[in-house]
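Remarks on the overall topology
Here is what each chain is made of, one letter per residue.
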Amino acid sequence: MAFDFLQVPEQEAVWVAAEAIRRQMEALLQALAVPAEHAQIVAEILTFASLHGVDTHGAGNILNYCGAIEQGIYTIPQRLEIVSESETTALLDCGNGLGFVAAHRAMQLSIEKARTYGVGMVSVRNGHHIGMAGFYPMMAAAQDMLGMAITNAAPSMRPLHGTLPRLGTNPIAFAAPAGQERPFLLDMATTTVANGKIALARRLGVPIPTGWAVTAAGEPITEPPVYRAGEWMQTPLGNTHEGGGHKGYGLAVMVDILCGVLSGGGFSAQLQSGENMTWTMAVDIARFRPVEEFKAMMDEMIRTLHATPTAPGGERVLVAGDPEFDTAAIRQERGIPFQRGQYEAILAGAQRLGVEIFI
Ligand SMILES: NC(=O)c1ccc[n+]([C@@H]2O[C@H](COP(=O)([O-])OP(=O)(O)OC[C@H]3O[C@@H](n4cnc5c(N)ncnc54)[C@H](O)[C@@H]3O)[C@@H](O)[C@H]2O)c1
């Protein structure tokens with residue numbers, strides 16, 4: 001977690017072992033008729049996010065997905081369908097089901113194609129929330145490939161200088177394996193922060209920094225109301241023109257094209273809350289140069305970056321993925337922190353559905 005003020009306060013935290021919450025989520029989903037194989041995928045991805053400190057996109061959200069299933073927003077069991085396919089590409093229909101399952105399949109397909117043809121790209125339509133985008137490129141990195149996953153979302157970001165939200169938080173995630181060093185994992189919303197960070201700040205009762213959100217008139221706000229309803233918006237990464245906001249805005253549109261327009265699933269402004277259209281890519285490093293040489297150079301690059309002297313009073317230089325891998329090392333031992341209320345809600349959900357309690 002990059003922002004300390006967004007940590008669950010120690011006195012409010014209930015620590016749960018990763019394996020326990022993973023099994024609990026699997027059981028909850030299966031109780032709602034999600035096939036075992038799909039439940040396993042969703043539970044694995046949400047646990048991965050929580051372990052890596054991405055609490056905004058982790059196990060704490062399980063009841064939202066359960067609710068969407070119970071309300072019939074998701075079609076369960078879902079039927080994934082390949083709509084069109086070539087050696088290196090595929091268009092996958094998520095079947096209006098769990099976005100995690102389709103994005104996972106999309107990356108699996110990308111990897112299979114990359115293994116045979118050097119590169120694989122898959123676009124997903126008719127999909128829902130995929131959670132932490134960074135999970136999927138890590139699947140490719142584990143296979144000595146470069147991985148990328150991006151997804152669009154319902155509007156929350158204003159275009160630079162705009163007065164209405166037109167783009168989602170449209171994240172970009174990219175991973176590359178290293179040798180002795182940990183993989184490079186860049187996983188970032190193209191808004192200044194992910195929407196979930198604002199929701200988390202609200203839940204923790206702390207104000208957000210200036211620049212994350214603005215009113216329709218463009219005035220910065222530090223306590224955005226729950227309902228957006230066109231009254232407030234997130235800012236593109238960089239926020240202002242001087243700060244490079246035009247580049248965050250442009251990246252968000254690029255994501256929208258690859259995810260929404262290419263798949264036909266819809267661009268951000270056409271999506272409902274909770275919808276995600278996704279694009280995944282895998283590239284086989286061995287088609288370019290021996291993997292060991294690539295990894296050795298990755299190590300050298302990461303070490304060079306880490307060895308950069310820090311500015312006076314500054315924090316040590318990191319590379320993307322460092323905060324998440326550091327958190328995972330701690331949470332593997334200590335468990336995953338839940339706010340007490342959130343923990344009790346999951347417990348109550350499990351009791352209501354009559355499933356075995358693991359947490
Ligand atoms: N499914 C969706 O609709 C959706 C939408 C938006 C975001 N998300 C997810 O939300 C999560 C959080 O996104 P975010 O933009 O708030 O992330 P963030 O700002 O916490 O981190 C962004 C990236 O910066 C890196 N980083 C952090 N501190 C660093 C430092 N000092 N030096 C170098 N690199 C550093 C991190 O490793 C990460 O790769 C992501 O997992 C993203 O995929 C999902």
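A few points on the structure. The model shown is predicted, which means the values in this text are computed figures rather than measured ones.

1. Looking at the nonpolar core
In a soluble, globular protein the nonpolar side chains are often hidden away together inside. Counting 59 residues, the largest nonpolar core has Ile-21 and Tyr-136 as its most contacted members. Per-element tally for this core: the top contributor is helix H2 (residues 36–51), with nine residues.

2. Observations concerning the packing of helix H1 (residues 18–31) against helix H10 (residues 340–352)
Axis separation between H1 and H10 bottoms out at 10 Å; the angle between their running directions is 40°. On the basis of their axis angle, the class for H1 and H10 is oblique. Where H1 crosses over H10, the two elements pack in a sense that is left-handed. The residues of H10 that touch H1, namely those facing Ile-21, Gln-24 and Leu-28, are Ile-346, Gly-349 and Ala-350. A breakdown of the residues in the contact of H1 with H10 according to their chemical character gives four nonpolar, two polar and no charged.

3. Structural notes on the site of the ligand
Taken together, 25 residues lie near the ligand, and Asp-187, Ala-189, Lys-197, Gly-321 and Glu-324 sit nearest. A distance of 2.5 Å is found between an oxygen atom of the ligand and a side-chain nitrogen or oxygen belonging to Asp-187. At 2.5 Å, a side-chain N or O of Lys-197 approaches an oxygen atom of the ligand. Considered on its own, the ligand offers 870 Å² of accessible surface; in the complex 84% of this is hidden by protein. Mapped onto the shell around the ligand, the elements with two or more residues apiece are strand S7 (184–188) and helix H9 (322–334). Per element, the largest residue contribution to the shell around the ligand is four residues, and it comes from S7. A per-class count over the shell around the ligand returns 15 nonpolar, seven polar and three charged.

4. What to know about helix H8 (residues 291–306)
The periodicity of an α-helix, 3.6 residues per turn, causes residues three or four places apart in sequence to face the same way. Here H8 contains 16 residues, and its C-alpha end-to-end distance of 22 Å stays within 8% of the 22 Å for a straight helix at 1.5 Å per residue. For H8, the elements touching its buried residues are strand S5 (145–153), strand S6 (172–176) and S7.

5. Topic: the packing of helix H3 (residues 62–70) against H10
When two helices pack together, their arrangement is captured by the angle between the axes and the distance separating the axes. Where H3 contacts H10, the two axes come as close as 10 Å, and the packing angle between them is 35°. Every pair of crossing elements has a handedness; the one defined by H3 and H10 is left-handed. Two secondary-structure elements touch here, H3 through Ile-62, Leu-63 and Glu-70 and H10 through Ala-345, Ile-346, Gly-349 and Arg-352. Of the residues contributing to the contact of H3 with H10, the split by class is four nonpolar, one polar and two charged.

6. A short note on the pairing of strand S3 (residues 89–93)
Of all five residues making up S3, four are buried, and the element is well covered by its neighbours. Sheet topology note: the strand S2 (residues 81–85)/S3 ladder contains four bridges and is antiparallel. Across the sheet, residue Ser-84 finds its bridge partner in S3, namely Leu-91. Linking two consecutive strands that pair antiparallel, namely S2 and S3, is a turn of three residues. This β-α-β element, S3 to helix H4 (residues 99–117) to strand S4 (residues 119–125), shows right-handed connectivity.

7. Structural notes on the packing of aromatic side chains
Enumeration according to the criterion identifies four aromatic pairs in this entry. Between the aromatic rings of Phe-135 and Tyr-136, the centroid separation amounts to 5.5 Å while the plane-to-plane angle is 80°, which identifies the pairing as edge-to-face. As far as the burial class goes, Phe-135 and Tyr-136 line up, both buried. Pairwise contacts between aromatic rings join Phe-48, Phe-135 and Tyr-136 into one cluster. Sitting over the face of the ring of Trp-15, Arg-334 holds its NZ or CZ atom 3.7 Å from the ring centroid.

Conventions used here
- Residues numbered from 1 in each chain as written.
- Predicted model: local features only at pLDDT ≥ 70, side-chain atom pairs only at ≥ 80, totals over all residues.
- Heavy atoms only, no water.
- Core = buried A, V, L, I, M, F, W, Y, C linked by side-chain atoms within 4.5 Å.
- Buried < 20%, exposed > 50% of the residue type's maximum accessible area, 1.4 Å probe, protein only.
- Helix = DSSP H or I, 4+ residues; strand = E, 2+ residues; numbered from the N terminus.
- Axes fitted to C-alpha atoms, helices over the stretch in contact; angles between N-to-C directions.
- Parallel < 35°, antiparallel > 145°, perpendicular 65-115°, else oblique.
- Left-handed = near helix turned anticlockwise from the far one by under 90°.
- Contact = heavy atoms within 4.5 Å.
- Nonpolar A, V, L, I, M, F, W, Y, C, P; charged D, E, K, R; others polar.
- Near = heavy atom within 4 Å.
- Polar contact = N/O pair within 3.5 Å; in protein donor to acceptor, adjacent residues only side chain to side chain.
- Areas by Shrake-Rupley, 256 points an atom, 1.4 Å probe, with all protein chains shown as cover.
- Expected span 1.5 Å × (residues − 1).
- Pairing = 2+ DSSP bridges.
- Right-handed = clockwise from strand over helix to strand, strands pointing away.
- Phe/Tyr/Trp six-rings, centres within 6.5 Å; stacked < 30°, edge-to-face > 60°.
- Lys NZ or Arg CZ within 6 Å of the ring centre and 35° of its normal.

None of the figures reported here should be taken as evidence of function without further support.
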